[in-house]
Amino acid sequence: MRKLTYDYKDIFFAPRFALSGKKIRVAFGGLLAGYAGYLLLAYLNQWMQGQSPGETWNDYSIFPYFDLEEGGLWGGLLAIALFAWLGFCYLTSSFVSAKLNFEELHGNPFFSARDAVGYLFEHKRKLYLPPFFIFLFSLLVLVMLAVPVLLGKIPGLGELGLSIFFLFPLMIFAGVLVFVWVVLTVGIFFGPTIAAVEPGDTFEVVFNLFNSIWRQPWRFAGYNGIGLGLAKLASLALAYFFLLSVGLFDFLASAVVGYRWDYLLETALGYFRPDAPVVIFATSLFSWGDAVIHLPVSEGAPELDRIGQFSSLLLGLWFFVLLLFSLAYGLSVVFATQVLAYLAVRKKEGADLLSVSPLGAEAVPVVEPQ
């Protein structure tokens, strides 16, 4: 295991550190579970707009479109369910991956994903309660800000009161609310790492989240920014490797099987929509730029019989699995970056979380910065 330097150099180790079968499988499982929930809810979303599942399949196939602006009340509830499910999948996979990374850095490479899931069940409150508590705190601050604003509707006195108390305390409340929302947003993405690494309870997870953002914001953001860039490059590299492998297999299969394979491949490629957001993200360096990896596009093929149609669908699903695996590697790099970045931030505060043996880890106190 590479010796950590507890600075930005550790982040460049993340792609190699994340290149592990069990870590990529954890990220892949989270992506697959999130996609399954999205697929179901997106088809329900289209059905609520009067489009049958068959019509949705003909229009979108495996990349259905979820319209957030349609459906009224029920559509809004469906959108909330979608975001809740995606958040649950991310929090869970991030926590499990963070625990795997931390144990490996702790000198325990045989710690399995099943062990990490068991740890998750024992400490699930540390994972799911901090975002909930931060959200409740943001609601409290919002009420403290909204009440005097509502009193401003009083004719005469209301406008005068808002003018007098604008700088203090109204702007103080507004600034605190913005900061809490930033912490809540960061906590959703970074909280699982703290929950998996820190030995304390829910309060200590929240405390260290606020403390890391407040005390070392530039180091906190900079390390993770580098990691995101490396994750994107790693995902593109794996996707390009898969593309070369598929191209080699296509050359061999086309030479041996002939036109039947060509028809099968053309039909399978028809299930991929080049304008689907996940395809654009997986093949482009930036979502607003041109594709770096040019996927083959279906040019149309003769009608296949039922066995051929099923085979092409199965082949298209295998292509989609390869797409998810390339994204899973990038996500695994993100998870590894978060652990390495947090250990570096805590080291700067005087707490070396790797210096304590796993047996005594539960006794590590929260170290406040000097």
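Everything in this summary refers to the structure shown in the same document.

Rules used throughout
- Residues numbered from 1 in each chain as written.
- Predicted model: local features only at pLDDT ≥ 70, side-chain atom pairs only at ≥ 80, totals over all residues.
- Heavy atoms only, no water.
- Salt bridge = Lys/Arg side-chain N within 4 Å of Asp/Glu carboxyl O.
- Buried < 20%, exposed > 50% of the residue type's maximum accessible area, 1.4 Å probe, protein only.
- Core = buried A, V, L, I, M, F, W, Y, C linked by side-chain atoms within 4.5 Å.
- Helix = DSSP H or I, 4+ residues; strand = E, 2+ residues; numbered from the N terminus.
- Contact = heavy atoms within 4.5 Å.
- Phe/Tyr/Trp six-rings, centres within 6.5 Å; stacked < 30°, edge-to-face > 60°.
- Axes fitted to C-alpha atoms, helices over the stretch in contact; angles between N-to-C directions.
- Parallel < 35°, antiparallel > 145°, perpendicular 65-115°, else oblique.
- Left-handed = near helix turned anticlockwise from the far one by under 90°.
- Patch = residues over 30% accessible without salt bridge, like charges linked within 9 Å, V, L, I, M, F, W, Y side chains within 5 Å.
- Areas by Shrake-Rupley, 256 points an atom, 1.4 Å probe, with all protein chains shown as cover.

1. Examining the pattern of salt bridges
Once their charged atoms are close, side chains differing in charge can pair, the charge on each being opposite to the other. Taken as a whole and judged by the stated rule, the model has six salt bridges. The residue Asp7 makes a salt bridge to Lys9 at a minimum N-O spacing of 3.2 Å. A salt bridge links Glu349 to Arg346, with the shortest nitrogen-to-oxygen separation between them at 3.1 Å. In this structure, Glu349 and Arg346 share a single accessibility class: buried.

2. Focus on the nonpolar core
A general trend in soluble globular proteins is that nonpolar side chains are found buried together. Counting residues in hydrophobic clusters, the biggest one holds 79 residues, and the most contacted among them are Phe63, Leu105, Phe320, Leu340 and Leu343. Per-element accounting of this core gives the leading share, 19 residues, to helix H14 (residues 306-348). Setting aside its immediate chain neighbours within four residues, Phe320 contacts Tyr35, Ile62, Phe63 and Phe272. Ala42, Leu78, Ala79 and Leu82 belong to the second largest nonpolar core, which has six residues in total.

3. Details of the environment of Phe190
Mapped onto the elements, Phe190 comes out in helix H9 (residues 166-197). Along the sequence, Phe190 and Val339 sit 149 residues apart, while their C-alpha atoms lie 9.1 Å from each other. What Phe190 contacts, discounting residues up to four positions off in sequence, is Phe220, Asn224, Gln338 and Tyr342.

4. Examining the packing of aromatic side chains
Following the criterion strictly, the structure yields 20 aromatic pairs and no others. With a centroid separation of 6.1 Å and an interplanar angle of 45 degrees, the aromatic rings of Phe132 and Phe133 are classed as tilted. Residue classification places Phe132 among the partly exposed positions, given a relative accessible area of 44%. Seen from their ring centres, Tyr259 and Tyr263 are 5.5 Å apart, and the 65 degrees between their planes marks the pair as edge-to-face.

5. Comments concerning the side chain of Ser93
Its location among the elements puts Ser93 in helix H5 (residues 72-105). Not counting the four nearest positions on each side in its chain, Ser93 is found in contact with Val26, Gly30 and Phe335.

6. Digging into the packing of helix H12 (residues 259-269) against H14
It is the contact of H12 with H14, at a shortest axis distance of 8 Å, that shows an interaxial angle of 60 degrees. Of the possible angle classes, the one that applies to H12 and H14 is oblique. Note that H12 runs across H14; the crossing there is right-handed. Where H12 abuts H14, its residues Trp261, Leu264, Leu265, Thr267, Ala268 and Leu269 lie against Gly308, Ser311, Ser312, Leu315, Gly316 and Phe319.

7. Focus: the environment of Phe133
You can see Phe133 is positioned in helix H7 (residues 124-151). On the accessibility criterion, Phe133 (40% relative accessible area) is partly exposed. For the pair formed by Phe133 and Ala237, sequence separation is 104 residues and the distance between their alpha carbons is 39 Å.

8. Thoughts on a nonpolar patch on the surface
Where nonpolar side chains cluster on the molecular surface, the patch consists of Phe137, Leu140, Met144, Phe166, Leu167, Phe168, Met171, Ile172 and Val176 and spans about 880 Å² of accessible area. Elements with a contribution of two residues or more to the nonpolar patch: H7 and H9. Top element by residues in the nonpolar patch is H9. It accounts for six residues. With respect to the helices, strands and loops of the structure, Val176 is situated in helix H9. Looking at Val176, the relative accessible area reads 33%, which means it is partly exposed.

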